[in-house]
Amino acid sequence: MADIRKEIERRRTFAIISHPDAGKTTLTEKLLLYGGAIQLAGSVKGKATARHAVSDWMELEKQRGISISSSVMQFEYNGYCINILDTPGHQDFSEDTYRTLMAADSAVMVIDAAKGIEPQTRKLFKICAMRNIPIFTFINKLDREARSPYDLMEELEQEFGIGTYPMNWPIGCGIDFKGVYDREKREILAFSEFHRGQDKIKAIECSLDDTEKLDSLIGEKLRRTLCDDVELLDGAGYEFDIDQVRDGKLSPVFFGSALNNFGIEPFLESFLDMTMPPLPRKAGDEIVDPFTDKFSAFVFKIQANMNKAHRDRLAFMRICSGKFERNEEYYHVQGGKPIKLAQPQQMMAQSREIIDEAYAGDIIGVFDPGIFSIGDTITVPGKKFRFGGIPTFEPEHFMSVSPKDTMKRKQFVKGIEQIAQEGAIQIFKMPDSGFEDVVVGVVGTLQFDVFEYRMKSEYGVELRMSALPYEHLRLIAECPGDPKDLMFCAGSKLPQAHRLRRRMERRFPHQAQPRPRARRLADGIQISVKKDGLRRPFLM
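Residues numbered from 1 in each chain as written. Predicted model: local features only at pLDDT ≥ 70, side-chain atom pairs only at ≥ 80, totals over all residues. Heavy atoms only, no water.

A. Spotlight on unusual backbone geometry. Its identity as a non-glycine residue notwithstanding, D21 has a phi of 70°, on the positive side. In this structure, N261 is a non-glycine residue whose phi angle is positive, near 70°. Counting through the fold element by element, N261 comes out in the loop between β11 (250-255) and α10 (264-274). Look at N261 and you get buried, because its relative accessible area is 1%. (Helix = DSSP H or I, 4+ residues; strand = E, 2+ residues; numbered from the N terminus. Buried < 20%, exposed > 50% of the residue type's maximum accessible area, 1.4 Å probe, protein only.)

B. Main features of the packing of helix α7 (residues 211-218) against helix α8 (residues 220-236). Between α7 and α8, whose axes approach to 7 Å, the crossing angle comes to 115°. Like other packed secondary-structure pairs, α7 and α8 cross with a definite hand, here right-handed. Contacts between α7 and α8 involve T211, L214, D215 and I218 on the former and, on the latter, E220, L222, R223 and L226. In terms of residue class, the contact of α7 with α8 is made up of 4 nonpolar, 1 polar and 3 charged. (Axes fitted to C-alpha atoms, helices over the stretch in contact; angles between N-to-C directions. Left-handed = near helix turned anticlockwise from the far one by under 90°. Contact = heavy atoms within 4.5 Å. Nonpolar A, V, L, I, M, F, W, Y, C, P; charged D, E, K, R; others polar.)

C. Molecular detail of the environment of R99. Structurally, R99 is set in helix α4 (residues 94-101). Exposure remark for R99: the relative accessible area of 6% places this residue in the buried category. Separated by 202 residues in the primary sequence, R99 and K301 place their C-alpha atoms 7.4 Å from one another. The residues touching R99, leaving out its near neighbours within four places in the chain, are F300, I374, I390, P391, E422 and G423.

D. Expanded view of the nonpolar core. If you look at the biggest cluster of nonpolar residues, it comprises 59 residues, and the most contacted ones within it are L85, L101, M109, I188, L226, F300 and F316. Here L101 is in contact with A15, I17, L124, I127, C128 and R131, once residues within four sequence places are set aside. By size, the runner-up hydrophobic cluster in this structure holds 31 residues, among which are L31, Y80, V110 and M167. (Core = buried A, V, L, I, M, F, W, Y, C linked by side-chain atoms within 4.5 Å.)

E. The arrangement of the sheet that holds strand β7 (residues 168-171) in detail. Taken together, the 4 strands give an open sheet; going across it, the order is β7-β8-β9-β10, and neighbouring strands pair in antiparallel fashion. Each of the sheet's edge strands pairs with one partner strand only, and the pair in question is β7 and β10 (204-207). Looking at each pair of strands side by side, their axes are set apart by 25° on average, direction ignored. Strand direction decides the pairing type here: strand β9 (residues 187-190) and β10, joined by 4 bridges, are antiparallel. When the sheet's bridge partners are listed, I188 is paired in β10 with C206. Here α7 sits on the sheet in contact with β7, β9 and β10, set at roughly 135° to β10. (Pairing = 2+ DSSP bridges.)

And the structure:
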C-alpha cells in the first residue's frame, strides 16, 4: 500500500486549454521537449522546422495546422509522472475538449499576450471553475508586440473573478524581449539563442543587484523599468497562497514564448511543485479516494483508427483510484458484467506501448470491442458506483449523408457507427427506413469536414452530403399515441435516432412556426410511449 501511495503522489494530470492560435499545442510540444519525451520539437504549421507537433497526429491536423482531437501524452520528469491532455481550441470541437477536462486535475490556460482573453478561453475557464480545479496561466507570444502585462492581469481578475500572482515578469516584448525575471529566485533569466525553438535553450542567470552585468544583458532602460515593476509587484500585488491556488481562487501567471522556448523550463518546474496529485472524485453519493487500493476508472474518450497498422478502437480511461494491473478481472458497471481490459497501453499521442500496471491519475488506452461508451465506469468486482459529469451536447447543424458508391454500404455503416460511438457526430434516420440515407448532426460545422475526411481516408467511402435547414432539437416528452400521427409545422420532420442514442428527435427549420391547428405538447412534460413493450424517450 505504501508503494501505491508513493506512485500516486508522483502523478500530475493536467489539460492545456486556450482559444485557437494562442499557442496551446506549441506549449505542449515544448513541455515534451524539456521533459525529455522528444529530442527535437516540431511546430504546428510544420514549415519552419519541417517537423509537425507530436500531439497533432491526425493527417488533417497537420494539413490545417489546428488541433482536431484531444491527445494524451505521458512522460517522466524530475521524479514526476506527467500526463498531459492537449485539447482542441476551436469551438466546433469544444465537445471533445469539455469531456477531456473531466479527466484533468488541473488546467494550464494559454493566453495570447497581444489579444488577451478570447471567447473560447472564457467558455473553457467556466468549465474548470465549475470543478474548482487549479488554473495556471501562461501568457504566450512575448516575442511579438504585446499588451501591457498589468492590463493582461487586470483583465484576468475582472473577467474571471480570481486573483493573479505573477511568478515571473517579462523584460520587454517583441524585438525588445530579453527574457523574464524569476520572482522566487529573484534573478534574471536572459536568453540569447535563436534556433527556431527546436532545441532546449540555455538561460543566463543574473541577480537583480548586479547592475553592470544586467545592463550588458538587457540594457539600462529595460533594467530601470524592471526594477520599478518588481518594486510595484512586491508592494501592491496579491500575496502568494498555495491553498488559494489549489482551490482555484488564485492563478499563478507565467510569461514567456513557447515558440522560442523562453520561460518554458521555469514554468514546468514551478507548475509541478504547485499542482497536486490526483484529486478525490464524486461517484453518486460516494467520494472516491484516489489513494485507496481499489481500482476505479471512467471512459472519457473513444477513438478508432489512431494507427492505420492496427485498425482498432481504443477507449481512453482516466484512473481515479488505486492500481491497475494487466490481466486482472474488473467490473464494467454499465455493462453489468466482469471484464478483462485487453491490451492496456500508455499513450504518446498516436504512439502506444503495452503496460502491465498504472496508477490513479494515469490515462490509459484499452482495446474496445464495442462494449464501452463515453462516461462508463470500470471498477473492482463488488463495487457498483458510477462516476458522473461527462457533458453531452445537442447538435446544431445537420446534413443528409449517403455513400456515392452503393456497393460500399457495409463500410459506410461501419464508419458512421464507429465515429458516432466516439461522440463526434450523432446519427438519425427516418422511422422504418434503411441505412442508405441518414441524417448526421454535429455541434460545429468543421466536424462535417473531419467526418468526411475520416470516412474517405479510414473507411474508403466517399460521401454525398447535402445541408439541411434545421438547427434545433426538441423533446417530445410524452405522447398518448403514435408520434408519427402528430401534426407538425411545415418543413419539420420526426426522424428516429440511431440505436446508439435510442431516442426520437424533432428538428425545426429556420424561423419555422407551428401551425395553429398543429397538436402541440407543453415543454418539459414527461410522458412515455411504449412500442412493442419498449419505453422510448423522445425529443421535441
